[in-house]
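Residue strings, one per chain:
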Amino acid sequence: MSIIKGGLLDRRGFLKTTAATTFAASLPMTAYAAPKRGGHLRVGKAHGQTTDTLNPGTWENGFTIGMAFAIHGFLTEVAPDGSVAGNLAESWEASDDAAEWRFKIRKGVTFHDGAELTPEDVVASINFHRGENSTSAAGPIVAPIQDMTIEGDTVAFKLDGGNADFPFILTDYHLAICKAKDDSIDWQSGNGCGAYVLKSKDFGVSIRLEKNPNHWREDVGFFDSIEMLALVDQNARTTALVSGDVDVIDRLDLKTVGLLGRKPGIQIKSVAGTQHYTIPMDTRMDPYSNNHVRQALKYAVNRQEMVDKILFGYGSLGNDHPIGSGQRFYHSELEQKAYDPDKAAWHLKEAGMDQVAINLSSSDAAFAGAVDAAVLFQASSKGTGINMEVVREPNDGYWSDVWMKKQMVFSYWGGRPVEDQMFATAYQCGASWNESFWCNERFDELMVKARAELDDAKRKEMYWEMQEICSNDGGSVIPMFANYVFGVSDKVMIPEQMSSNWDLDGERWAERWSMA
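The present account deals with the structure reproduced in this document.

Definitions and cut-offs
- Residues numbered from 1 in each chain as written.
- Predicted model: local features only at pLDDT ≥ 70, side-chain atom pairs only at ≥ 80, totals over all residues.
- Heavy atoms only, no water.
- Helix = DSSP H or I, 4+ residues; strand = E, 2+ residues; numbered from the N terminus.
- Rg over C-alpha atoms; globule rule 2.2 N^0.38 Å.
- Buried < 20%, exposed > 50% of the residue type's maximum accessible area, 1.4 Å probe, protein only.
- Contact = heavy atoms within 4.5 Å.
- Areas by Shrake-Rupley, 256 points an atom, 1.4 Å probe, with all protein chains shown as cover.
- Lys, Arg positive; Asp, Glu negative; His and termini not counted.
- Charge placed at Lys NZ, Arg CZ, Asp CG, Glu CD.
- Salt bridge = Lys/Arg side-chain N within 4 Å of Asp/Glu carboxyl O.
- Pairing = 2+ DSSP bridges.

Describing the overall build of the protein
So, step 1. Along the backbone of the protein there are 17 helices and 24 strands.
So, step 2. What you see for the protein is a C-alpha radius of gyration of 22 Å, in line with the 24 Å of a compact globule of 516 residues.
So, step 3. For the protein, the spread of C-alpha atoms along the principal axes amounts to about 65 × 55 × 40 Å.
So, step 4. The buried share among the 516 residues of the protein stands at 60%.
So, step 5. At a minimum sequence separation of 6, the contacts of the protein that also span at least 24 residues come to 72%.
So, step 6. Of the accessible surface of the protein, which amounts to about 19200 Å², a share of 47% is contributed by carbon and sulfur atoms.
So, step 7. Taking the 50 positively charged and 71 negatively charged side chains of the protein as two groups, their mean positions are separated by 4 Å.

Structure (structure tokens):
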């Protein structure tokens, strides 16, 4: 193992130097001048339900992600420029084959209860998501970890193969570092080592946070207190911003964003990233077990119409795989699927069907305009032999009672910073969040090979083939990629450069923003 000092590294540079490097990677000050300390921030989120918990293995929406990054520390994080940066890990190094990694744990960090962070806490926190009995959604991304050992102030990871992206993998919002307790972790208390302390919670309604006076960083956490409200209803959320009851809302109604932007004191922000909207089908069940039926549905959706009428131009066409055009191994030469009713009808006949009945469950809890998008899909599929019925589901409980429960639904993903993480989380056979329950042996084989491959050209070939397999065999229609569009009061100061891996500055708004 050899050492390179020098702070942040983008994905391209990271992959070129991964096989024998150490990174001294602390996050620099945010890109805007002299943030002010103090003030109370009120954030209205289009997420949050009564079934949310403090268990990091269950976090699944923007409300819980925002909470996670506010109250907890993580080994690494995605910086605003898309690079990987150290957080609770102050540096790391990899073996030549990237199968062994050593992370030096930062000293002087304390949990909210005053206890000092230890390497044992790190090991227990990662182990929480591992093992046959784990129900964590992060199970697939930590599955390659064969062993963890503690060497003084360092945690050593032994993987089942090379993983050039491992420091990026550890940015996943499930992998919060909690206190070790009774051969597991104490997640129930919300006791973290983040910039804010959880003071009260009423899931499905709101949580309240206060600044952590003992946080180890001076360059984050500028508000005295924060209230985050679950405002799933679009009108209620928008009205709250206009009336001044909240300072920030996410997932604006794109039909009225122009009018909202003309309101004095309100700024509209649009950030292109990896966010995409999906329509997963349960491929374990007929008729979706037949790929010709899946292909028929993919050709029966008018993608451009959805981008125009649902996103109002704040997005781009999807091609039935989850990799965004700005990502390093995006398949730029893959033929873009276009609306083709004749081809949809042909695929249906190849499946041995003249007609097929489809129930499409939707709710604006999936994303703003999801019900309207379902109605557009229903209309575009007419005449193809697809008889689609739109089932409008309630907002509350959508993610617990509808998603991955009903046979065909609407969903959304913020994406992941690297291709392997996205594929392992939602497309690997057996993954907890494989929302279409899709399995493809060749795809899984390529995923393992690409993860360990350090040759960029070979890696590109494999990721391109995986995107082709997803597009032409996968269990999800992915009609569009959506920009993150949110509204902010001019009382709030936000950085010029914002993260695009999640909404609201990578959901790091609690740390990075301040009052103007």
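Points about the pattern of salt bridges
Side chains that differ in charge, positive against negative, can pair when their charged atoms come close.
So, step 1. Here the structure, examined in full by the defined rule, presents 27 salt bridges.
So, step 2. The salt bridge involving Glu77 is made with Arg217; its shortest N-O contact spans 3.1 Å. One end of the pair, Glu77, is in strand β3 (residues 76–78); the other, Arg217, is in the loop between β12 (206–211) and β13 (225–230), and 140 residues separate them in sequence.
So, step 3. A residue is classified by how much of its surface remains accessible, and Glu77, at 1% relative accessible area, is buried.
So, step 4. The exposure class of Arg217 is buried, given its relative accessible area of 7%.
So, step 5. Between Lys449 and Glu445 there is a salt bridge, and its shortest N-O distance comes to 3.1 Å. With a gap of four residues between them, Lys449 and Glu445 both fall in helix α14 (residues 441–452), about one helical turn apart.
So, step 6. A relative accessible area of 45% means that Lys449 is categorised as partly exposed.
So, step 7. Residue Glu445 is classed as partly exposed on the basis of its relative accessible area of 35%.
So, step 8. Among the ionic contacts, a cluster of salt bridges with common partners joins Glu77, Arg217, Asp219, Asp505 and Arg512.

Some thoughts on the sheet that holds strand β14 (residues 248–249)
So, step 1. Read across the sheet, seven strands follow the order β11-β12-β13-β2-β14-β22-β15 without closing on themselves; strand pairing throughout is mixed. The open sheet has two edge strands, β11 (196–202) and β15 (266–271), and neither has a second partner.
So, step 2. Summarising the sheet, β14 and strand β22 (residues 484–489) pair through two bridges and their orientation is antiparallel. In the sheet register, Ile249 faces β22, and the bridge partner there is Gly487.

Observations regarding the side chain of Thr425
So, step 1. Along the chain, Thr425 turns up in helix α13 (residues 419–426).
So, step 2. For Thr425, a relative accessible area of 2% gives the class buried.
So, step 3. Ignoring sequence-local partners within four residues, the contact set of Thr425 consists of Ile141, Trp413, Arg416, Ala431, Trp433 and Asn434.

Digging into unusual backbone geometry
So, step 1. That bond from Asp286 to Pro287 is cis: its omega, 5 degrees, falls within 30 degrees of zero.
So, step 2. With respect to the helices and strands, Pro287 occurs in the loop between β16 (276–280) and α8 (291–299).
So, step 3. Positive phi, close to 50 degrees, is recorded for Phe312, a residue that is not glycine.
So, step 4. The residue Phe312 is located in the loop between α9 (303–309) and β17 (315–317) in this model.
So, step 5. In this structure Phe312 comes out as partly exposed when scored by relative accessible area, which is 36%.
So, step 6. Located in the positive-phi region is Phe437, a residue other than glycine, with phi close to 55 degrees.

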